[in-house]
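Residue-level structure breakdown
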Amino acid sequence: MSETRENLRALTFTQAVNEALRQEMERDGTVFIMGEDVAGGAGRADFEDAWGGPFRLTKGLIGEFGPDRVRDTPISEAGFIGAGVGAAATGMRPIVDLMFVGFFGVCGDQIMNNAAKMHYMFGGKVGVPLTIMTSIGAGTNSAAQHSETLYSIFAHFPGLKCVCPSGPYSAKGLHIAAIRDDDPVIVFNHALLMGRRGANVERDDVYGLHVPEDPYVLPIGKSLVAREGADVTLIGTGYTTLVCCEAAAQLAEQGYSAEVVDLLSISPLDEETILESVMKTRKVVIVDEDYPRCSVASDLSALVAEEAFDYLDAPPKRVTAPHTPVPYSQPLEALYLPNRERVVSAALSVLA
Amino acid sequence: MSETRENLRALTFTQAVNEALRQEMERDGTVFIMGEDVAGGAGRADFEDAWGGPFRLTKGLIGEFGPDRVRDTPISEAGFIGAGVGAAATGMRPIVDLMFVGFFGVCGDQIMNNAAKMHYMFGGKVGVPLTIMTSIGAGTNSAAQHSETLYSIFAHFPGLKCVCPSGPYSAKGLHIAAIRDDDPVIVFNHALLMGRRGANVERDDVYGLHVPEDPYVLPIGKSLVAREGADVTLIGTGYTTLVCCEAAAQLAEQGYSAEVVDLLSISPLDEETILESVMKTRKVVIVDEDYPRCSVASDLSALVAEEAFDYLDAPPKRVTAPHTPVPYSQPLEALYLPNRERVVSAALSVLA
Amino acid sequence: MAKGIGIDRRTLLWMYETMVTIRRFEEQCKREADAGKLSGMHSSVGQEAVPTGICAHLRTDDYVLGNHRSHHHCIAKGVDINEMMAELLGKVTGTNRGKGGTMHIADIGKGMLGANGVVGSNIPVTTGAALSAKLKGEDTVSVVFFGDGASGQGALHESMNLAGIWKLGVIFVCENNRYAEATPFEYSVAGGSIAARAAGYGFPGVRADGQDVLEMYEVAGEAVRRARAGEGPTLIEAQTYRYLGHFGADNPLLYRSEEEEARYRAKDCIAGLSAHILEEGVAGEAELSAIDERALAAVTAASRFADESAFPEDRELFADVYNDYASGRFTRHAESGA
Amino acid sequence: MAKGIGIDRRTLLWMYETMVTIRRFEEQCKREADAGKLSGMHSSVGQEAVPTGICAHLRTDDYVLGNHRSHHHCIAKGVDINEMMAELLGKVTGTNRGKGGTMHIADIGKGMLGANGVVGSNIPVTTGAALSAKLKGEDTVSVVFFGDGASGQGALHESMNLAGIWKLGVIFVCENNRYAEATPFEYSVAGGSIAARAAGYGFPGVRADGQDVLEMYEVAGEAVRRARAGEGPTLIEAQTYRYLGHFGADNPLLYRSEEEEARYRAKDCIAGLSAHILEEGVAGEAELSAIDERALAAVTAASRFADESAFPEDRELFADVYNDYASGRFTRHAESGA
Ligand SMILES: Cc1ncc(C[n+]2csc(CCOP(=O)(O)OP(=O)(O)O)c2C)c(N)n1
Ligand SMILES: Cc1ncc(C[n+]2csc(CCOP(=O)(O)OP(=O)(O)O)c2C)c(N)n1
Ligand SMILES: [Mg+2]
Ligand SMILES: [Mg+2]
């Protein structure tokens, strides 16, 4: 990318998503958004757009596209996500908002039994170009039901695609990719990232501050190397990519060169990028905020062990949330989260 | 065990579960069963027990315990499993039947947000001694929604315990253990096992034909070695334990001694038994019918890679269902399932 | 005006042929199951009038969605029975290339947006099809069929509320065949009326005799008119009966009486319509017999078509998981499987 | 008989003190949040009368279950406010040892079986508590509080049906405060009445003025009587209003008018009851002031108690995931975490 400092366009994650949604809705009349308070004040002209989405991702859109295409819903996730499936199967490209991923339990049937399976069960004759946006992550003092990560259980299901942006640039590119994709795609937006800007003032790429105005797609199924290094690979996803970058900076101070792979795509997995990095550094620390059992972290550890066995100088190492629900009390929640110190210490243990 | 051939008590898996339920209901007046057609013909004295459960696990129980304790429900999994949570939190020990695990999507909220988290969120002051029985598995020509395995997504959640019997003996012992456990436990019963008898006429233990009449508990959190061997460890769960045993027999003909570990407990995991076996044989094939991504198979591969790294002579190997929904057409379904040939060929590849 | 008077001859004969075709098809399915060629199915024999009376008002571009017991919905909506039978036998010529089977038949070209094996699961999807129509400014109608048992699912309630507030062109058709598996309707439905629930959502709920295709036709006419006119949803509770067991070899006499069965069989929908046709002089015995024979021949041909079709090739296992790649690429563990 | 006449003095003063305590507690919570000691909460100010009028009829062994906005339910059911405030601050002396927080307060000893952060999620759990009572042959009552927004969830429908067919002693109390976050009730509830939905399940649904604790008390009395007598469930739709924003710093004037707010504040439940007490001579100004002061002192003490309490120790992270072991043992990846 050749943008200069002068035309640098620093957007927050939220602004980047908002721009992606707006641009896709402008481009394609079949795109519409549904969810609880995606506008807010529904049905009352003088109060519409009171919220603009629980995380303000959809702010302002109702003014441009009207209440038909920016549609507030009752609290009926099974009802409206199922309606998203039906609309997608009949020519629309719905974006539905599942406010917190922990609410999947009331609408899992629509996602896992209908959206995920229809294309296959129907012999490829029906497509479900549905985008589900949801928020993930602890660190907001919101306790066990409003702090989960859970992409692992969605990635478990064939038929779903799962992506997880790590900053404004990837947020815009992955939302656009999701909307244009002909399969159901779930975008997992971390609560601690929304509102933030890009990670790095120095850089002019996906990890920099700049977000190009023109629409662009980050391909689903591709991971990126967020930082190059030679001694150890740190793999992060969404917010933990930032944790890995912080850890890499600290490791650099201690004389180690850590490479950071940003997963971005959880399903499908970019096995090539992951294996290439690990075969180069011969050591890997996998950092994931999801529960540890049957998780993306397990997958990555198994993948590396099976496919890069002969290259590894040390066993793969995982730094994840513990096998506990998310506690409310802030000191416990701080212990719960994977953080820079834990990543550094895990890295040092394999570097030793 | 010292039972002689004369007092051999061969029960089918179904009979063994039925006996477990009956004995626990006799022992403890707080135990009751709820689900769709667990009796059948509900509310009509002349027709009660028309079904005795979709897999006949509860056959005859209404006659002994009456319709209050063997309670037919409307098709309202969120409603009645949630009611199970509420009853469990207030002094009862409910057993609820989720007919097929693929229906979790309509009631996941009650299982994953309430049953799993209440004890933790409430600071340990409320217990949820709930047992959920559900059926799993393909091979019955029932297509994508009625053939899933899915224990991986339940094991993902802290607070849930998950067990998977492999035959009549373990079925009885694990159901009793589940009912007596003070935490929510999900028992995954494979459709191809129900109706079958124990695997082996020759043996007098958990893998034999005999099922003791007196109630007994198989401890949750313990795996068992179904067959001892020295050259390679095959790990199975439920039905795939049988597949592993068949593969081990074939490998024996080819001169290899395979050890078979029967997981039995999916959460918590018996890491000791697994690691001990793998450290002995130095090679492992993990056989699982669940979808491959973010699965029990991934966990086992990662566990072995991380904890037995220095012992492994070959990378861990997984034989799982492919990353596809379960196809209806029988020839495709046969390809879908892990079978003896695939396990043997995977074993030979690590033995080579 | 007496029921059925005013319905044109073409419609009456279409309804007759549709119901007879459904019945012959289901009988053939049972033979295929008995022969071990499929593992079982949910027979719709006895319930033919419900989708027939409704679909008589529908265009190809209207949507129908079904449940686990959906062969009759598919046939009434015009799905090809050759392809249906091939699907049941898992053949690649099936509606779903053999990958869906009895509980998942779909043919979007015919407006059959799919059966569904999870009770209640298709109700929200139908609401979405209706929302689609509204957003596109089309007057198509979306119909979902579900059972009395499905009324226990929250998805129905959520969808009735959504369709109510958005005035969607959905018709909720409950086939109340009095049982959900072995559980009688009287036990499982509080208040005793599914139709009555619609009032709580501010739209009409009507009970109709689902054994009487003329009554179904009439009730459906008003519901379809409302839906097309943008006046919102209707809930129809059709009182009907499944003559056979729930699935496969289930014996219904374990949970219901012979007398009850006889009572419903006595008001058989096909016999009822044929009597009407003959009484009103719409057609004669010979013409009806010709239809009967055509239906039987079509079903026999379907069975032959299915038999002669091939199973899907192995690579189909990995096809159509996604639109842009076969999942085998991302399936590390299936190498020995296919 | 005029409303409130016949309610004994003790009950009236208990209701007054309960409502004042709730209000002072919520005001204190807001101060704690403004001071950064908690991240936000769903304030119940304005809705005090609803649980107060209901809980006035309940025994300790009756169950109450709540939702995300449940401080008032807890206080009305007798949960200790010291422990509540400590819970909000994440302290180990909290009702839940600091691990649940504002949306999960529970105290089973007091019959408060838990708030719940998932909208509608506690409704089935309540049905289960009532089933428990029935199986044990007890006459305890189980009450669930939920909002107008929660009426959109299928769980309500499933639970009303179950409670209906099993005649369970459940009271479904909808606090219709006219908004779900920023979404007005008029938009989201088809048919416009939540109470009316009960008819579809064959049990009574009543609307009550939730700003008038005397009316709440009256309506609740009949519902509790029915429940104890085994006559089955009741749905109460209490018309109420939350004075503040949805959560934390939400500004409600973005989606509702000052005039509307003023209209509801003008029928404030505390002012209403105090007027009644004074008019009927149940107590004098001085006595009410004494209660006001006692409530304020209790809340101030609760805040101090919470401040002075300790946070949980690190090992609490792994405690109480299971009954029989701390999950740290099975957590391979937390070794550097705690
Ligand atoms: C969510 C869910 N729960 C349970 C089942 C199992 N099941 C399949 S059909 C059926 C009965 C359905 O009854 P009804 O809705 O009346 O339809 P009918 O079979 O009578 O046509 C049940 C319980 C299911 N498929 N999905
Ligand atoms: C299943 C679910 N969906 C969405 C939310 C987010 N949410 C929390 S409170 C709320 C509004 C609830 O409205 P209502 O039931 O009327 O209760 P009130 O807040 O007005 O007391 C929403 C949408 C949630 N917690 N759970
Ligand atoms: Mg039925
Ligand atoms: Mg509200």
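Not measured: the values here are computed from a predicted model. (Residues numbered from 1 in each chain as written. Chains lettered and ligands numbered in written order. Predicted model: local features only at pLDDT ≥ 70, side-chain atom pairs only at ≥ 80, totals over all residues. Heavy atoms only, no water.)

1. Quick word on the coordination of the magnesium ion (ligand 3)
Residues and elements named next belong to chain C. Protein-derived coordination of the magnesium ion (ligand 3) comes from Asp 148 (OD), Asn 177 (OD1) and Tyr 179 (O), at a distance range of 2.0 to 2.1 Å. Of note, the magnesium ion (ligand 3) draws all its donor residues from one chain, in the sequence arrangement D-x28-N-x1-Y. With a relative accessible area of 5%, Asn 177 lands in the buried category. Its relative accessible area of 3% is what places Tyr 179 among the buried residues. (Donors = N, O, S within 2.8 Å, 3.2 Å for Na, K, Ca; no water. Buried < 20%, exposed > 50% of the residue type's maximum accessible area, 1.4 Å probe, protein only.)

2. Remarks on the site of ligand 1
Ligand 1 sits among 21 residues. The nearest are Glu77(B), His68(C), Arg69(C), Asp148(C) and Gly149(C). More than one chain lines the surroundings of ligand 1; the residues nearby belong to chains B and C. The contact in question runs from a nitrogen atom of ligand 1 to an N or O atom on the side chain of Glu77(B), over 2.5 Å. With respect to ligand 1, the backbone of Val119(C) contributes an N or O atom lying 3.0 Å from a nitrogen atom. Considering ligand 1 on its own, with 580 Å² of exposed area, one finds that the protein chains cover 98% of that surface. (Near = heavy atom within 4 Å. Polar contact = N/O pair within 3.5 Å; in protein donor to acceptor, adjacent residues only side chain to side chain. Areas by Shrake-Rupley, 256 points an atom, 1.4 Å probe, with all protein chains shown as cover.)

3. Describing the side chain of Thr52(C)
Within the secondary structure, Thr52(C) is located in helix H2 (residues 49-55). Given a relative accessible area of 0%, Thr52(C) falls into the buried group. (Helix = DSSP H or I, 4+ residues; strand = E, 2+ residues; numbered from the N terminus.)

4. Digging into the sheet that holds strand S6 (residues 205-209) of chain C
Two modes of strand pairing occur in sheets, parallel and antiparallel, and in both the strands are linked by backbone hydrogen bonds. Residue and element names in this part refer to chain C. In spatial order, the strands read S1-S2-S3-S7-S6; together these five strands make up an open sheet with parallel pairing. Both edges of this open sheet fall to strand S1 (63-65) and S6, since each of them pairs with a single strand only. Each neighbouring strand pair of the sheet contributes to a mean axis angle of 20°, computed without reference to strand direction. Bridge count for S1 against strand S2 (residues 142-147) is three bridges, and the pairing is parallel. Counted as the bridge partner of Val 64 is Val 143 from S2. (Pairing = 2+ DSSP bridges. Axes fitted to C-alpha atoms, helices over the stretch in contact; angles between N-to-C directions.)

5. Considering the site of ligand 2
Taken together, 21 residues surround ligand 2, and among them Glu77(A), His68(D), Arg69(D), Asp148(D) and Gly149(D) come closest. Lying at an intersection of chains, ligand 2 is approached by residues of chains A and D. Contact between ligand 2 and His68(D): an oxygen atom at 2.7 Å from a side-chain N or O atom of the residue. A distance of 3.0 Å separates an oxygen atom of ligand 2 from a polar backbone atom of Ala150(D). Looking at the shell around ligand 2 residue by residue, the classes come out as eight nonpolar, eight polar and five charged. (Nonpolar A, V, L, I, M, F, W, Y, C, P; charged D, E, K, R; others polar.)

6. Some remarks on the interface of chain D and chain A
Listed by partner, the interface residues are 55 residues for chain D and 46 residues for chain A. Summing both partners gives a buried area of about 3,800 Å² for chain D against chain A, and 58% of it is carried by carbon and sulfur. At the boundary of chain D and chain A, one finds zero salt bridges. Scanning the region where chain D abuts chain A turns up 17 residue pairs in polar contact (both at pLDDT 80 or more). Those elements giving two or more residues to the side of chain D that touches chain A turn out to be helix H4 (81-88), strand S4 (179-180), strand S5 (183-184) and helix H7 (185-188) of chain D. Ranked by residues supplied to the side of chain D that touches chain A, first place goes to H7(D) with three residues. (Contact = heavy atoms within 4.5 Å. Buried area = accessible area lost by both parts, 1.4 Å probe. Salt bridge = Lys/Arg side-chain N within 4 Å of Asp/Glu carboxyl O.)

7. Focus on the pattern of salt bridges
Applying the stated criterion to the full structure yields 84 salt bridges over all chains. A salt bridge links Glu19(B) to Lys172(B), with the shortest nitrogen-to-oxygen separation between them at 2.6 Å. Taken together, the positions of Glu19(B) in helix H1 (residues 13-27) and Lys172(B) in helix H7 (residues 168-180) put the pair 153 residues apart, joining distant regions of the chain. Note that Glu64(B) is salt-bridged to Arg22(B), the shortest N-O span being 2.8 Å. Here Glu64(B), found in helix H2 (residues 61-69), pairs with Arg22(B), found in helix H1; they are 42 residues apart in sequence, far enough to count as distant. When salt bridges that share partners are traced, they join Arg9(A), Glu19(A), Lys172(A) and Glu213(A) into one network.

8. Observations concerning the interface of chain A and chain B
Counting residues at the interface gives 53 residues for chain A, matched by 52 residues for chain B. At the boundary of chain A with chain B, total buried surface from both sides reaches about 4,500 Å², with 62% on carbon and sulfur atoms. The largest share of the area that chain A buries against chain B comes from His156(A), Arg293(A) and Phe309(A), three residues that together contribute 17% of it. At the junction of chain A with chain B, the criterion picks out six salt bridges. Between Lys117(A) and Glu148(B) there is a salt bridge, with its nearest N and O atoms 2.8 Å apart. Where chain A touches chain B, the interface holds 26 residue pairs in polar contact (both at pLDDT 80 or more). Here the side of chain A that touches chain B takes eight residues from helix H10 (residues 296-307) of chain A, the largest share from any one element. Here the residues of the side of chain A that touches chain B sort into 29 nonpolar, 15 polar and nine charged.

9. What to know about the domain arrangement of chain A
All names here are of chain A. When cut into domains, chain A gives domain 1 (5-212) and domain 2 (224-351). Just the C-alpha atoms count here: the centres of domain 1 and domain 2 sit 26 Å apart. Domain 1 puts 31 residues into the contact, and the matching count from domain 2 is 29 residues. For the pairing of domain 1 and domain 2, the buried interface totals around 2,400 Å² over both sides, and the portion due to carbon and sulfur atoms is 57%. If you sort the residues of domain 1 by the area they bury against domain 2, Asn 141, Tyr 151 and Tyr 207 come out on top, with a joint share of 24%. Joining domain 1 to domain 2, the criterion identifies zero salt bridges. At the junction of domain 1 with domain 2, the criterion picks out 20 residue pairs in polar contact (both at pLDDT 80 or more). Elements with a minimum of two residues in the side of domain 1 that touches domain 2: helix H6 (151-155), strand S5 (161-163) and helix H7 (168-180). The residue makeup of the side of domain 1 that touches domain 2, split by class, is 16 nonpolar, 11 polar and four charged. (Domains from an automatic or database assignment.)

10. Here's the deal with the sheet that holds strand S12 (residues 317-320) of chain B
Residue and element names in this part refer to chain B. One open sheet accounts for five strands, arranged S7-S9-S8-S11-S12; its pairing is mixed. Two strands lie at the open edges of the sheet, namely strand S7 (224-227) and S12, each paired on one side alone. Averaged over all adjacent pairs, the angle separating strand axes in this sheet is 25°, with direction ignored. Pairing geometry for strand S11 (residues 284-288) and S12, over four bridges, is parallel. Across the sheet, Asp 288 pairs through a bridge with Thr 320, a residue of S12. Contacts from helix H8 (residues 239-253) reach S7, strand S8 (232-236), strand S9 (258-262) and S11 within the one sheet, and its direction differs from that of S8 by about 155°. Against the sheet, helix H10 (residues 296-307) touches S8, S11 and S12, its axis set at about 165° to S11.

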